[in-house]
Amino acid sequence: MNVCRARACGCRPRRHNLESDRCPGAPCSQGTLTAAASPGGSPAGRSPWRGEGVGPRCGHLQVRVPALLPKAPVLSGQARALGAHTNAPLQPGPDSCSPMAGRPRTRRVTESPAGPPGRARILDHGGSVRNPPVSKRESAATPPAPSAPAPPPSPEGAGARSSQWTPTRGNMAAFSPLRDCQAWKDARLPLSTTSNEACKLFDATLTQYVKWTNDKSLGGIEGCLSKLKAADPTFAMGHAISTGLVLIGTGSSVKLDKELDLAVKTMVEISRTQPLTRREQLHVSAVETFAKGNFLKASELWEQILRDHPTDMLALKFSHDVYFYLGCQEQMRDSVARVYPFWTPDIPLSSYVKGIYSFGLMETNFYDRAEKLAKEALSINPTDAWSVHTIAHIHEMKAEIKDGLEFMQHSETHWKDSDMLACHNYWHWALYLIEKGEYEAALTIFDTHILPSLQASGTMLDVVDSCSMLYRLQMEGVSVGQRWQDVLPVTRKHSRDHILLFNDAHFLMASLGAHDRQTTQELLTTLRDASESPGENCQHLLARDVGLPLCQALVEAEDGNPDRVLELLLPIRYRIVQLGGSNAQRDVFNQLLIHAALNCTSSVHKNVARSLLMERDALKPNSPLTERLIRKAASVHLMQ
């Protein structure tokens, strides 16, 4: 998938034989892709895979093949200039970092000059769920809080606009079949396995990762990875995606999770026993480097892949997530910009690249361009929860509260079943309500959607959402009752992880909110220890100067020492971006600083609150929350 397959003549590419799951020209002992795949084992007598037997198995793959294929798209001048109109691999420029330039490559599978197969895609399982009833607050232009979870959706999908679907350039790639060995070769992304089943399950896993959705018809990500292990236990890229997804989730570290540590070592060992492509070798090295905590070096390795293979979705997504963790906003945007011209509509998952690109544009304040791209993505696939998420951010950053609430209400039926991101989108919905001062409605969202998702999944995104929301409400003077005690059992077991400092700060909010001094002390002590011997771990290197002062500021705020909070946060306020997260997520720390300034007693800090509020009002005018803070400052004569 490294270059566009469009043909200047407009000829239709050939189809694969969808009746056969065998790889043409290569023996395949794995059989067809069914729920009856037998478990596989490594030559050493044990499975090298992490999570053996985890999750349900996926059933037979159901595909719907369009009657006609669209014409190949005409490439833009920019894409043609980059060489995307040919079937030849991209030629590295004079300053290319690829050591394979100009060298023959040895691999178990060879690249094919043939064009791409005709594509058909497993239908998304969305659903038409009625909107929640209109609340009495409608007269105040506030859409109601989201409803409780609805019954399972219908199989036709929420994105189906009519009963008679017509293939177009825009939706063609969304209905592509899972790619087998030959399809990956045709895309210039060959996989070193002879198992069609392994190739398809790799594609199924990647697709769910990109869509932020566990597709139950496929058995979810864990189910696919379990079957992938059985299909080819020594499939190096299978190990790379499986181990990489655990690591990128930032909920487990190789230091404390011995099973994960073994999975990383096994991946590396397997990669050394077979002739992989250069691209596959870089993927393995990047995952191994990420496991060591050297996120920046890992992103550089994924960028090397993207220079030669701009349509490698796994490299694009992993690098995008790493830049997010590092707070590298421009890199997060530009990484996608460099490959965007190659993602033509015929390439599977191409519409999702619009959403990924739009998020980087939004985080660097190109709001209009970001919104345009996100809406383009949603016009192709309304269930694209990440593009919904970008638009939610834009309304948040521009204080367009009414528009944001209406957008979330009207789009809810499309994204509520994206189980890996729905909780976060509900969190954005709740932020609008907190902005308006409608705290009970926000707590209803917490109780109905956010807390249940946290308790069911335990994912770091759900943890951060839960902690951030309760902390913001507390700063607004809202009693959250015993909710911190509900969150603490999930966060407490991660107090020694120290994978992301951003996560650590949110774990600390929970232990402080629940008045668990032992967990608080454990987190601070072990983080201090990690900062004293950081090695190549970027987070531990940053802990001493940024992470620990931020955590100590949270402790001082809990202990009622606002002046000390200012002393700790003011010197690092422009470095907190290095902890990662989005502008909207990090705003909780801006609010902490402002509340401390409002309550400080030292004459040295007399005008800090006024300065911070003037700055905030200039950057985000018409914010009800800012207006409330300004009124509070005026009441204690801090705005003179």
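Model, not experiment: these values are computed from the prediction.

The rules behind each value
- Residues numbered from 1 in each chain as written.
- Predicted model: local features only at pLDDT ≥ 70, side-chain atom pairs only at ≥ 80, totals over all residues.
- Heavy atoms only, no water.
- Helix = DSSP H or I, 4+ residues; strand = E, 2+ residues; numbered from the N terminus.
- Buried < 20%, exposed > 50% of the residue type's maximum accessible area, 1.4 Å probe, protein only.
- Contact = heavy atoms within 4.5 Å.
- Areas by Shrake-Rupley, 256 points an atom, 1.4 Å probe, with all protein chains shown as cover.
- Phe/Tyr/Trp six-rings, centres within 6.5 Å; stacked < 30°, edge-to-face > 60°.
- Polar contact = N/O pair within 3.5 Å; in protein donor to acceptor, adjacent residues only side chain to side chain.
- Expected span 1.5 Å × (residues − 1).
- Salt bridge = Lys/Arg side-chain N within 4 Å of Asp/Glu carboxyl O.
- Axes fitted to C-alpha atoms, helices over the stretch in contact; angles between N-to-C directions.
- Parallel < 35°, antiparallel > 145°, perpendicular 65-115°, else oblique.
- Left-handed = near helix turned anticlockwise from the far one by under 90°.
- Nonpolar A, V, L, I, M, F, W, Y, C, P; charged D, E, K, R; others polar.
- pLDDT = per-residue confidence, 0-100.
- Core = buried A, V, L, I, M, F, W, Y, C linked by side-chain atoms within 4.5 Å.
- Lys, Arg positive; Asp, Glu negative; His and termini not counted.

Concerning the overall build of the protein chain
Looking only at helices and strands, the protein chain has 26 helices and 0 strands in total. Relative to its full complement of 640 residues, the protein chain shows a buried share of 60%. A sequence separation of at least 24 residues applies to 74% of the contacts in the protein chain between residues at least 6 apart. As displayed, the protein chain has an accessible area near 25,800 Å², and 52% of this comes from carbon and sulfur atoms.

Quick notes on the packing of aromatic side chains
Applying the stated criterion across every chain, the model contains 14 aromatic pairs. Ring centres of Tyr-426 and Trp-429 lie 6.1 Å apart, and the angle between their planes is 20°; on these two criteria the pair is classed as stacked. Placement of both Tyr-426 and Trp-429 in helix H16 (residues 422–436) is noted, with a separation of 3 residues, approximately one turn of the helix. For the pair Tyr-426 and Trp-429, one class covers both residues: buried. Each residue in the set Trp-212, Phe-324, Tyr-325, Phe-359 and Trp-386 is aromatic and connected to the rest through ring pairs, giving one cluster.

Details of the side chain of His-494
By secondary structure assignment, the location of His-494 is in the loop between helix H19 (483–492) and helix H20 (501–513). There is a polar contact of 3.4 Å between the side chain of His-494 and the backbone oxygen of Gly-251.

Describing unusual backbone geometry
Of note, the phi angle at Trp-212 is positive, near 60°, even though the residue is not glycine. Within the fold, Trp-212 resides in the loop between helix H4 (196–211) and helix H5 (220–231). Backbone geometry places Thr-250, a non-glycine residue, at a positive phi of 55°.

Points about helix H6 (residues 236–248)
For H6, spanning 13 residues, the distance from its first C-alpha to its last is 18 Å, which sits close to the expected 18 Å at 1.5 Å a residue. With 12 of 13 residues buried, H6 is to be regarded as a mostly interior element. Buried residues of H6: Ala-236, Met-237, Gly-238, His-239, Ala-240, Ile-241, Ser-242, Thr-243, Gly-244, Leu-245, Leu-247 and Ile-248, and no others. Looking one or two residues past H6, Thr-250 carries a phi angle of roughly 55°, positive in sign.

Let's talk about the pattern of salt bridges
Here the structure, examined in full by the defined rule, presents 22 salt bridges. Here Arg-179 ties to Asp-203 by a salt bridge, and the two come within 2.8 Å at their closest N and O atoms. Residue Arg-179 is found in the loop between helix H2 (169–172) and helix H3 (181–186), and its partner Asp-203 is found in helix H4; the two are separated by 24 residues along the sequence. Accessibility assignment for this pair places Arg-179 and Asp-203 in one class, buried.

Remarks on the packing of H6 against helix H10 (residues 313–326)
For the pair H6 and H10, the least separation of the axes is 12 Å and the interaxial angle reads 20°. Looking at the two axes, H6 sits roughly parallel to H10. Seen along the crossing, H6 lies across H10 with a hand that is left-handed. Contacts between H6 and H10 involve Met-237, Ala-240, Ile-241, Gly-244, Leu-245 and Ile-248 from the former and Leu-314, Phe-318, Asp-321, Val-322 and Tyr-325 from the latter. Tallied by class, residues from the contact of H6 with H10 come to 9 nonpolar, 1 polar and 1 charged.

Let's talk about the packing of H20 against helix H24 (residues 583–599)
Axis separation between H20 and H24 bottoms out at 12 Å; the angle between their running directions is 50°. Judged on the interaxial angle alone, H24 and H20 are oblique. Seen along the crossing, H20 lies across H24 with a hand that is left-handed. Of H24, the residues touching H20 (which contributes Phe-502, Ala-505, His-506 and Met-509) are Gln-585, Arg-586, Val-588 and Phe-589. Residue classes in the contact of H20 with H24 are distributed as 5 nonpolar, 2 polar and 1 charged.

A few points about the confidence of the model for the protein chain
With 72% of its residues at a pLDDT of at least 70, the protein chain reaches an overall mean of 80. Across residues 1–143 the pLDDT falls below 50, and counting only partners more than four positions away or on other chains, this stretch makes 329 contacts in the model.

Quick look at the nonpolar core
In terms of nonpolar packing, the biggest core is built from 168 residues, with Phe-290, Trp-302, Met-313, Met-469, Trp-484 and Leu-569 touching the most fellow members. Beyond its immediate stretch of four places on either side in the chain, Trp-302 contacts His-283, Ala-286, Val-287, Phe-290, Ala-315, Phe-318, Ser-319 and Val-322.

Some points on the side chain of Asp-563
With respect to the helices and strands, the residue Asp-563 is situated in helix H23 (residues 562–569). Arg-564 is the oppositely charged side chain nearest to the buried, salt-bridge-free Asp-563, at an N-O distance of 11 Å. Within the structure, the side chain of Asp-563 is placed 3.0 Å from the backbone nitrogen of Ser-602, a separation counted as a polar contact. At 3.3 Å, the side chain of Asp-563 and the side chain of His-605 are in polar contact.

Brief notes about helix H26 (residues 624–635)
Because the α-helix completes a turn every 3.6 residues, residues three or four places apart line up on one side. The end-to-end C-alpha separation of H26 is 17 Å, in line with the 16 Å expected for 12 residues at 1.5 Å each. As for H26, its buried residues are in contact with H16, helix H17 (439–457), H24 and helix H25 (608–619). Backbone geometry just after H26 places His-637 at a positive phi near 60°.

Notes on the environment of Ile-270
Residue position: Ile-270 is located in helix H7 (residues 258–271). Using a relative accessible area of 10% as the deciding quantity, one classes Ile-270 as buried. In the structure, Ile-270 is positioned 36 residues away from Thr-234 in sequence and 6.4 Å away in space, judged by C-alpha atoms.

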